[in-house]
Amino acid sequence: MQHLHLQFVPLFFLPRLPYRRNLIKTERFAEAERVWVNILHYAKKWARLTTVYNYINDTVVIEEAPWENFLRNPVTKRALHVGNQPFDVINAVAHKKMMNDIMQSAKPTVEALLNWGAYDVVVYSGQLDIICAYPLTLNVFQKLNWKGAEAYRKADRCFFEMDGNVVGYTKSAGVFTEVLFRGCGHMVPTDCPRVASRFLDLFINDRKKMRCLREAGETSQSGSSQSGRSDTKILTKSENVDI
């Protein structure tokens, strides 16, 4: 029940939001980042959460994830061409160096990439995320100025099914696809590794065949992905409503 406290949080830090917006407008990005961190801190404290990554399951310790050892493996480091550079899950030095970049909008870069059209772009969100909450991300999608903007606004929202269960919702137009994963927080591959892996496999290997069907549970004519696995159905159509 502790996540219910989140409904009271906006009243607590609402006065700080105009101040942060003004800092961004005047290009005082490092100060704006510090205000943003304080807002998250107060929200977490008020809701009695231990992290801002998942408001239901907030006991996950990402530092203990198995992939950390994988990335520190010499074979992996050679494949990534990073030499002997050490890997840290939370790198304070990198955060400090990027402090002036965090509060700068990437919207123009995303718009340029979508208008170029040379690459397919997918952005995914976790339903239970706080730090990058889906409604805020969706607000950006709806304001993107690109040649497929109108097609995106009119596009059907689809179910993403796995083993007969709806595990996410997705919407596509042109080269752009956005996904909301059910029951996952900010760290989607950590919270829902199998679901995230199967979606990325489908997006990479079979995305040209992805289409909306009439209702959840209908079988796609395109069959399974090129990987040969058939445990995931192609997308099925959901009610096209604003979230």
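This text goes with the structure placed above it.
This text gives an overview of the structure that appears in the document. Predicted model only: the values in this text are computed from it and were never measured.

1. Some thoughts on the state of the cysteines
Within this structure, the stated rule accounts for one disulfide. Covalent S-S linkage joins cysteine 184 and cysteine 192, the inter-sulfur distance amounting to 2.1 Å. On the S-S bond that ties cysteine 184 to cysteine 192, the torsion sits near -120°, and the link is left-handed. For cysteine 184, a relative accessible area of 0% gives the class buried. Residue class for cysteine 192 comes out buried when judged on its relative accessible area of 11%.

2. Some points on the packing of aromatic side chains
According to the stated counting rule, one finds 10 aromatic pairs in the structure shown. Note on phenylalanine 181 and phenylalanine 199: the rings are 5.8 Å apart at their centroids and 80° apart in plane angle, and the pair reads as edge-to-face. Remark: phenylalanine 199 occurs in helix H12 (residues 193-206) and phenylalanine 181 occurs in strand E4 (residues 176-181); sequence separation between them is 18 residues. The exposure class of phenylalanine 181 is buried, given its relative accessible area of 1%. You can call phenylalanine 199 buried: its relative accessible area is 1%. Three or more aromatic residues link up through ring pairs in this structure, and these residues are Tyr124, Phe160, Phe181, Phe199 and Phe203.

3. Regarding the pairing of strand E2 (residues 157-162)
Burial of E2 is extensive: six of the six residues sit out of reach of the surface. The pairing of E2 with strand E3 (residues 165-173) spans six bridges and is classified as antiparallel. The residue bridging methionine 162 from the neighbouring strand is asparagine 165, located in E3.

4. Observations concerning H12
Taking 1.5 Å of rise per residue, the 14 residues of H12 would be expected to cover 20 Å, and the 19 Å separating its terminal C-alpha atoms lies within 8% of that figure. Residues of H12 that are buried: Val195, Ala196, Arg198, Phe199, Asp201, Leu202, Phe203 and Asp206. Residues of H12 that are buried sit in contact with strand E1 (121-126), E2, E3, E4 and helix H11 (188-191).

5. Details of the nonpolar core
Ranked by internal contacts, the top residues of the largest apolar core, which has 16 residues, are Leu114, Phe141, Trp146, Tyr152 and Phe176. Of all the secondary-structure elements, those providing two or more residues to this core are helix H9 (134-143), helix H10 (149-154), E3 and E4. When sequence neighbours within four positions are dropped, the list of residues in contact with phenylalanine 176 reads Leu114, Val121, Val123, Phe141, Trp146, Tyr152 and Lys171. By size, the runner-up hydrophobic cluster in this structure holds 13 residues, among which are Met162, Val167, Val179 and Phe181.

6. Section: the pairing of E4
Summarising burial for E4: six of the six residues are buried, a large majority. Going residue by residue along E4, you find Phe176, Glu178 and Leu180 tucked away on one face and Thr177, Val179 and Phe181 tucked away on the opposite face as well. Relative to E4, E1 runs parallel, the two being bridged by six bridges. Following the sheet pairing, serine 125 is matched in E4 by leucine 180. Bridging between E3 and E4 involves six bridges; their strand directions are antiparallel. Counted as the bridge partner of threonine 170 is valine 179 from E4. Linking E3 back to E4 in an antiparallel pair, the connection comprises two residues, with glycine 174 at a positive phi of about 60°.

7. Considerations on the side chain of lysine 77
Secondary-structure assignment places lysine 77 in helix H5 (residues 74-80). For the buried lysine 77, no salt bridge is present, and the opposite-charge side chain at shortest range is aspartate 88, 10.0 Å distant. Setting aside residues no more than four positions away along its own chain, lysine 77 makes contact with Leu71, Arg72, Val82, Gly83, Asn84 and Gln85.

8. Quick notes on the pattern of salt bridges
This structure, assessed with the given rule, holds nine salt bridges. Of the charged contacts in the structure, one is a salt bridge between glutamate 150 and lysine 154, with a shortest N-O distance of 3.6 Å. Residue glutamate 150 and its partner lysine 154 are both found in helix H10; the two are separated by four residues, about one turn of the helix. When its relative accessible area of 41% is taken as the criterion, glutamate 150 is described as partly exposed. Among the salt bridges present, the one from arginine 194 reaches aspartate 163, with a minimum N-O distance of 2.9 Å. Taken together, the residues arginine 194 in helix H12 and aspartate 163 in the loop between E2 and E3 connect sequence positions 31 residues apart.

Rules used in this analysis
- Residues numbered from 1 in each chain as written.
- Predicted model: local features only at pLDDT ≥ 70, side-chain atom pairs only at ≥ 80, totals over all residues.
- Heavy atoms only, no water.
- Disulfide = S-S within 2.5 Å.
- Buried < 20%, exposed > 50% of the residue type's maximum accessible area, 1.4 Å probe, protein only.
- Phe/Tyr/Trp six-rings, centres within 6.5 Å; stacked < 30°, edge-to-face > 60°.
- Helix = DSSP H or I, 4+ residues; strand = E, 2+ residues; numbered from the N terminus.
- Pairing = 2+ DSSP bridges.
- Expected span 1.5 Å × (residues − 1).
- Contact = heavy atoms within 4.5 Å.
- Core = buried A, V, L, I, M, F, W, Y, C linked by side-chain atoms within 4.5 Å.
- Lys, Arg positive; Asp, Glu negative; His and termini not counted.
- Salt bridge = Lys/Arg side-chain N within 4 Å of Asp/Glu carboxyl O.

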